Amino acid sequence: MIKIGIVGGTGYTGVELLRLLATHPEAHVEIITSRSEEGVRVADMYPNLRGHYDDLAFSVPDTAALGRCDVVFFATPHGVAHALAAELLATGTRIIDLSADFRLRDADVWAKWYGQPHGAPELLGEAVYGLPEVNREAIRGARLIAVPGCYPTSVQLGLIPLLEAGLARTDNLIADCKSGVSGAGRGAKVSSLFGETTESMKAYGVAGHRHLPEISQGLQRAAGAEVGLTFVPHLTPMIRGIHSTLYAQVPDHSVDLQKLFAERYANEPFVDVMPAGSHPETRSVRGANVCRLAVHRPQGGDLVVVLSVIDNLVKGASGQAIQNMNIALGLDERMGLAHPALMP
Ligand SMILES: NC(=O)C1=CN([C@@H]2O[C@H](COP(=O)(O)OP(=O)(O)OC[C@H]3O[C@@H](n4cnc5c(N)ncnc54)[C@H](OP(=O)(O)O)[C@@H]3O)[C@@H](O)[C@H]2O)C=CC1
Ligand SMILES: CC(=O)N[C@@H](CCC(=O)OP(=O)(O)O)C(=O)O
């Protein structure tokens, strides 16, 4: 069995890791940390996990104990993995980081967007960006994996077929994205209150959101050129899910876009290109490690619209993290992740 440690077990992505790993045939969670809930049994805090982790309790992070695990997931705010990664890697432990600590290649760009110096620039050369659909070979055997952000996963999967094929104009891409409230984490905040988020919707971060450089980095890699991207995230009254409506100018009408997308993702177990004319719904990916896509060319014009939906906590975080673990360890990529979504 693979010995697993999870740092940050009381957040939404931490408990989602527990839910998914409960049915993973090769994984055994040995350590789950929380500084605020030390000693509390996991099954007492999370009744949905009763019958699974009955002997497991939260403990404070202990680097020596984590270093005895085969894989440590960081489900923590940014900066935490920076502080512990080097020591853990030295013990031979693999790190799968759900935070943004190792997603950007450039430490100065990271510092600008995260408002603090990068805490481990010496590890950036080793860090692998864990989007399997573009980086599978590098993930195999990797010791330090940066799991992509939720918005970046949905936007990149939707636009890369057009960019890799050189079909989309790169100077005016638009990503109009809606997220459920769990994307903001489990910490108490006025902006996440039921009374603030129900029966209302709002944009935020229009002037610049920290996912902009991450998305741009991935799109530039796909396009082989600089990209101009407008990214507008929105908070919507749902718990889970991201719906991205993506706009790209595609002046070449000779290519069958439905076929292009279907072929690009033909061998991808967790990307579903829906039939022409589809409108994927967030509920159809709820709880599942899948991105559903639909490509449209309204009224036969130059503007192409791609619809992309994921569950922010699964393909946008914890499911993708486990997908990365499976690939890194040479397991079947689908192990523990094959279940369908909760809703039609
Ligand atoms: N929510 C989402 O949809 C997504 C989140 N992410 C990223 O994943 C990470 C976790 O997100 P999420 O689960 O929402 O976060 P939460 O805020 O819900 O949980 C954070 C967890 O980290 C622990 N923690 C906080 N500070 C420290 C610290 N200094 N040292 C050790 N543990 C700490 C907390 O427990 P305690 O304080 O008790 O120790 C808690 O368990 C973040 O970086 C987030 O940006 C990525 C993709 C999607
Ligand atoms: C709705 C909401 O607040 N979403 C978060 C992004 C989700 C997230 O956790 O960001 P990472 O993937 O980079 O960790 C935000 O806009 O900051």
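These numbers come from a predicted model, not from an experiment.

**Digging into the nonpolar core**
Next, step 1: In this structure, L159, L162, L173, L219, F261 and V306 are the most contacted members of the largest nonpolar core, which totals 37 residues.
Next, step 2: Contacts of L159, omitting those with residues within four sequence positions, involve L219, L246 and A248.

**Some points on the UniProt feature "active site" (unreviewed entry) in the protein chain**
Next, step 1: According to UniProt, the positions carrying the feature "active site" (unreviewed entry) are C150.
Next, step 2: Looking at where C150 falls in the secondary structure, it is placed in helix α7 (residues 150-164).
Next, step 3: In this structure C150 touches H211, I242, I310, N312 and G316, once residues within four positions along its chain are discounted.

**As for the environment of V72**
Next, step 1: Mapped onto the secondary structure, V72 falls in strand β4 (residues 71-74).
Next, step 2: Excluding residues that lie within four positions of it along the chain, V72 makes contacts with G5, V7, L66, L88, T93, R94, I95 and I96.

**Details of the site of ligand 2**
Next, step 1: Neighbouring ligand 2 are 13 residues, the closest being R103, Y204, H209, R210 and H211.
Next, step 2: In this structure, an oxygen atom belonging to ligand 2 sits 2.6 Å away from a side-chain N or O atom of Y204.
Next, step 3: Within the contact set of ligand 2, an oxygen atom lies 2.7 Å away from a side-chain nitrogen or oxygen of H209.
Next, step 4: Of the residues contributing to the shell around ligand 2, the split by class is 5 nonpolar, 6 polar and 2 charged.

**Describing helix α4 (residues 80-90)**
Next, step 1: Along α4, the residues classified as buried are A81, H82, L84, A85, L88 and L89.
Next, step 2: Where α4 is buried, its residues touch α3 (63-66), β4, β5 (94-97), α5 (107-114) and β7 (144-146).
Next, step 3: At the C-terminal side of α4, G92 shows a positive phi close to 95 degrees.

**Considerations on the pattern of salt bridges**
Next, step 1: Evaluation of the coordinates by the stated rule reveals 17 salt bridges.
Next, step 2: In this structure, the salt-bridge partner of R240 is E16, at a minimum N-O distance of 2.8 Å. Placement of R240 in the loop between β10 (229-235) and β11 (242-249) and of E16 in helix α1 (residues 12-21) is noted, with a sequence separation of 224 residues between them. Each member of the pair, R240 as well as E16, is classed as buried.
Next, step 3: The partner of R136 in a salt bridge is E268, with the nearest N and O atoms 2.6 Å apart. A residue pair is termed long-range when its members are at least 10 positions apart, and R136 in helix α6 (residues 132-139) and E268 in the loop between α10 (257-264) and β12 (271-273) qualify at 132 residues.
Next, step 4: The buried category is assigned to R136, whose relative accessible area is 16%.
Next, step 5: We classify E268 as buried; its relative accessible area is 10%.
Next, step 6: Here the residues in one salt-bridge network are E16, R19, R240 and D311, joined through shared partners.

**With respect to the pairing of strand β13 (residues 291-296)**
Next, step 1: Of all 6 residues making up β13, 6 are buried, and the element is well covered by its neighbours.
Next, step 2: On β13, burial covers both faces: C291, L293 and V295 on one face and R292, A294 and H296 on the other are all buried.
Next, step 3: Here β12 runs beside β13; their pairing, made up of 3 bridges, is parallel. Bridging from a neighbouring strand, V273 pairs with L293 of β13.
Next, step 4: In terms of strand pairing, β13 meets strand β14 (residues 303-310) through 5 bridges, oriented antiparallel. In the sheet register, A294 faces β14, and the bridge partner there is L307.
Next, step 5: In textbook terms, the turn of a hairpin is the stretch between consecutive antiparallel strands, and for β13 and β14 this stretch comprises 6 residues, one of which, Q299, has a positive phi near 50 degrees.

Cut-offs and rules
Residues numbered from 1 in each chain as written. Chains lettered and ligands numbered in written order. Predicted model: local features only at pLDDT ≥ 70, side-chain atom pairs only at ≥ 80, totals over all residues. Heavy atoms only, no water. Core = buried A, V, L, I, M, F, W, Y, C linked by side-chain atoms within 4.5 Å. Buried < 20%, exposed > 50% of the residue type's maximum accessible area, 1.4 Å probe, protein only. Contact = heavy atoms within 4.5 Å. UniProt positions renumbered as here; feature names shortened; annotations may be inferred. Helix = DSSP H or I, 4+ residues; strand = E, 2+ residues; numbered from the N terminus. Near = heavy atom within 4 Å. Polar contact = N/O pair within 3.5 Å; in protein donor to acceptor, adjacent residues only side chain to side chain. Nonpolar A, V, L, I, M, F, W, Y, C, P; charged D, E, K, R; others polar. Salt bridge = Lys/Arg side-chain N within 4 Å of Asp/Glu carboxyl O. Pairing = 2+ DSSP bridges.

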